[in-house]
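# Chains, contacts and geometry: an overview
Single-letter residue listing:
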Amino acid sequence: MSAAVTHEFEGRVALVTGAASGIGAAAARLFSERGARVAVVDVDSNGERTVDVIRSAGGEATFIRADVSDDGAVERAVAKTLEAFGRLDCAFNNAGISGPPNPIVDLPLEQWHRGIDVMLTGVFLCMRHEIPRMLEGGGGSIVNCASGAGLIGFPGQAAYVASKHGVLGLTKTAAMEYGKQGVLINAICPGTARTAMVENVIEQTPELEEELRRLHPIGRIAEPSEIAEAALWLCSGRASFVMGSALVVDGGYVAQ
Ligand SMILES: NC(=O)c1ccc[n+]([C@@H]2O[C@H](COP(=O)([O-])OP(=O)(O)OC[C@H]3O[C@@H](n4cnc5c(N)ncnc54)[C@H](O)[C@@H]3O)[C@@H](O)[C@H]2O)c1
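Since this is a predicted model, take the numbers as computed values, not measurements.

Read across the open sheet, the seven strands follow the order β3-β2-β1-β4-β5-β6-β7; overall the sheet is parallel. Looking at the sheet topology across the chains shown, the edges are occupied by β3 (61–65) and β7 (246–249). Taking each pair of neighbouring strands and ignoring which way they run, the sheet shows an average axis angle of 20°. Its contacts with the sheet place helix α5 (residues 109–136) against β1 (13–17), β4 (90–93), β5 (140–145) and β6 (183–190), and it is angled at close to 170° to β5.

Written out as structure tokens, the structure is:
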């Protein structure tokens, strides 16, 4: 890796939601390795573990406990980031949840609302509070985490699929609203990655692991860092003409 890439976030501040685990934790570590100071935002206090890992490697990070579906909590999380580090340059709005499979007729209303609240309203609330701080600092980059389920349907996952399709619409709209003012907003659509979300399902249905491998034309599922790399590229100066895009990072899953 070139020295320019190794230090490309030097002097910059990144906020990552859902950074206690999986893709978000990997992104927080990568931001730090490349020079950023990082706000690790999560509803789960395991976010402290991500901070410990970053600090033991010599980086700077702070854990901020917040539920992304709570407007006041998100506002405070962004304010605390500014208090800790003085600015906000990059945000990866990544927090997400999965739920048990249920066809629409049987989907408990509560499960529907929670999926939409965390993964769609959560992204909306994060952008609402991040964008003004980025504008004050002269610009920034936001990456919203959608999914292959933002592009195609999956039976039994109505709330997840609807929220991820919604994230793409929200991303395009936000990009058009703020791109000219220097805030570049994009989304990523990951395929299956080896995170807690997926390992919990594999634990219950072990044969699923082979099935998931088979479903990805690349012949395997992703490591969380492979998804995080795409988010970091979109936040970097190397993606300076990319905006309103939905970058597919899925080992060919939706291409087949
Ligand atoms: N793992 C995959 O295969 C996969 C595929 C496509 C998309 N995604 C998306 O990637 C993102 C990260 O998922 P992951 O696989 O790393 O899962 P994960 O379960 O490992 O991590 C998700 C994190 O989000 C946090 N979180 C959940 N609800 C929250 C809330 N209300 N407020 C703040 N934090 C909250 C959790 O505590 C957890 O730390 C999600 O948006 C998910 O939908 C994952």
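Further notes follow.
What follows concerns the packing of α5 against helix α6 (residues 158–178). Across the interface, α5 lies against α6 with an axial gap of 8 Å and an inter-helix angle of 20°. With respect to α6, the axis of α5 lies roughly parallel. Crossing of α5 over α6 shows right-handed handedness. The segment α5 lies against α6, with Gln111, Trp112, Gly115, Ile116, Met119, Leu120, Val123, Phe124, Met127, Ile131 and Leu135 engaging Ala158, Ala159, Tyr160, Ala162, Ser163, Lys164, Gly166, Val167, Leu170, Ala174 and Tyr178. Broken down by class, the residue content of the contact of α5 with α6 amounts to 17 nonpolar, four polar and one charged.

Here we take up the nonpolar core. Counting residues in each nonpolar core, the largest one holds 34 residues, and the members touching the most others are Val16, Phe31, Val38, Val40, Phe92 and Ile188. Elements that contribute at least two residues to this core include exactly β1, α2 (22–33), β2 (37–42), α3 (47–56), β3, β4, β5 and α9 (224–235). If you tally residues by element for this core, the top one is α9, at seven residues. Setting aside residues up to four positions removed in sequence, valine 16 forms contacts with Gly24, Ala27, Ala28, Phe31, Val38, Ala39, Val40, Val41 and Phe92. In this structure, Ala91, Val123, Ala146 and Ala187 belong to the second largest nonpolar core, which totals 24 residues.

Around the ligand there are 30 residues in total, and Ser21, Asp42, Tyr160, Ala193 and Thr195 lie nearest to it. With respect to the ligand, the backbone of valine 43 contributes an N or O atom lying 3.4 Å from a nitrogen atom. Within the backbone of alanine 193, an N or O atom sits 2.7 Å from an oxygen atom of the ligand. Out of a free accessible area of 830 Å², the ligand has 92% covered by protein chains. Of all the secondary structure elements, the ones that give two or more residues to the shell around the ligand are α2, α5, α6 and α7 (196–204). Its residues assigned to classes, the shell around the ligand shows 16 nonpolar, nine polar and five charged.

Here we take up the side chain of asparagine 93. Its location among the elements puts asparagine 93 in strand β4. With a relative accessible area of 2%, asparagine 93 lands in the buried category. When sequence neighbours within four positions are dropped, the list of residues in contact with asparagine 93 reads Thr17, Val123, Cys126, Met127, Glu130, Ile142, Val143, Asn144 and Cys145.

Looking now at the environment of serine 98. Topologically, serine 98 is positioned in the loop between β4 and α5. Considering only alpha carbons, one finds serine 98 and valine 183, 85 residues apart in sequence, at a separation of 30 Å.

The end-to-end C-alpha distance of α5, which contains 28 residues, comes to 39 Å, matching closely the 40 Å that a straight helix rising 1.5 Å per residue would cover. The sharpest bend along α5 reaches about 35° and sits at glycine 122. Directly after α5, the chain includes glycine 138, whose backbone phi takes a positive value near 95°.

Two descriptors summarise a pair of aromatic rings, namely the distance from one centre to the other and the angle between the planes of the rings. Applying the stated criterion across every chain, the model contains two aromatic pairs. When the ring of phenylalanine 9 is compared with that of phenylalanine 31, the centres are 5.0 Å apart and the planes differ by 70°; the resulting orientation is edge-to-face. Linking phenylalanine 9 in the loop between α1 (3–6) and β1 with phenylalanine 31 in helix α2, this pair joins segments that are 22 residues apart in sequence. Here phenylalanine 9 and phenylalanine 31 have matching classes, each one buried.

The next thing to look at is the pairing of β6. Most of β6 is tucked away: eight of the eight residues are buried. Alternating residues of β6 divide into Val183, Ile185, Ala187 and Cys189 and Leu184, Asn186, Ile188 and Pro190, and every residue in both groups is buried. Remark: the β5/α6/β6 crossover connection has right-handed handedness. Across four bridges, β6 lies against β7 in parallel orientation. Paired with cysteine 189 across the two strands is valine 248, which belongs to β7.

Attention now moves to the pattern of salt bridges. Applying the stated criterion across every chain yields a total of 11 salt bridges. Here arginine 34 makes a salt bridge to glutamate 229, at a shortest N to O gap of 2.7 Å. With arginine 34 in the loop between α2 and β2 and glutamate 229 in helix α9, the pair connects residues that are 195 residues apart, well separated along the chain. Relative accessible area serves as the criterion here: at 33%, glutamate 229 is assigned to the partly exposed category.

Parameters and conventions
Residues numbered from 1 in each chain as written. Predicted model: local features only at pLDDT ≥ 70, side-chain atom pairs only at ≥ 80, totals over all residues. Heavy atoms only, no water. Pairing = 2+ DSSP bridges. Helix = DSSP H or I, 4+ residues; strand = E, 2+ residues; numbered from the N terminus. Axes fitted to C-alpha atoms, helices over the stretch in contact; angles between N-to-C directions. Contact = heavy atoms within 4.5 Å. Parallel < 35°, antiparallel > 145°, perpendicular 65-115°, else oblique. Left-handed = near helix turned anticlockwise from the far one by under 90°. Nonpolar A, V, L, I, M, F, W, Y, C, P; charged D, E, K, R; others polar. Core = buried A, V, L, I, M, F, W, Y, C linked by side-chain atoms within 4.5 Å. Buried < 20%, exposed > 50% of the residue type's maximum accessible area, 1.4 Å probe, protein only. Near = heavy atom within 4 Å. Polar contact = N/O pair within 3.5 Å; in protein donor to acceptor, adjacent residues only side chain to side chain. Areas by Shrake-Rupley, 256 points an atom, 1.4 Å probe, with all protein chains shown as cover. Expected span 1.5 Å × (residues − 1). Bend = angle between axes of the 7 residues up to and from the residue. Phe/Tyr/Trp six-rings, centres within 6.5 Å; stacked < 30°, edge-to-face > 60°. Right-handed = clockwise from strand over helix to strand, strands pointing away. Salt bridge = Lys/Arg side-chain N within 4 Å of Asp/Glu carboxyl O.

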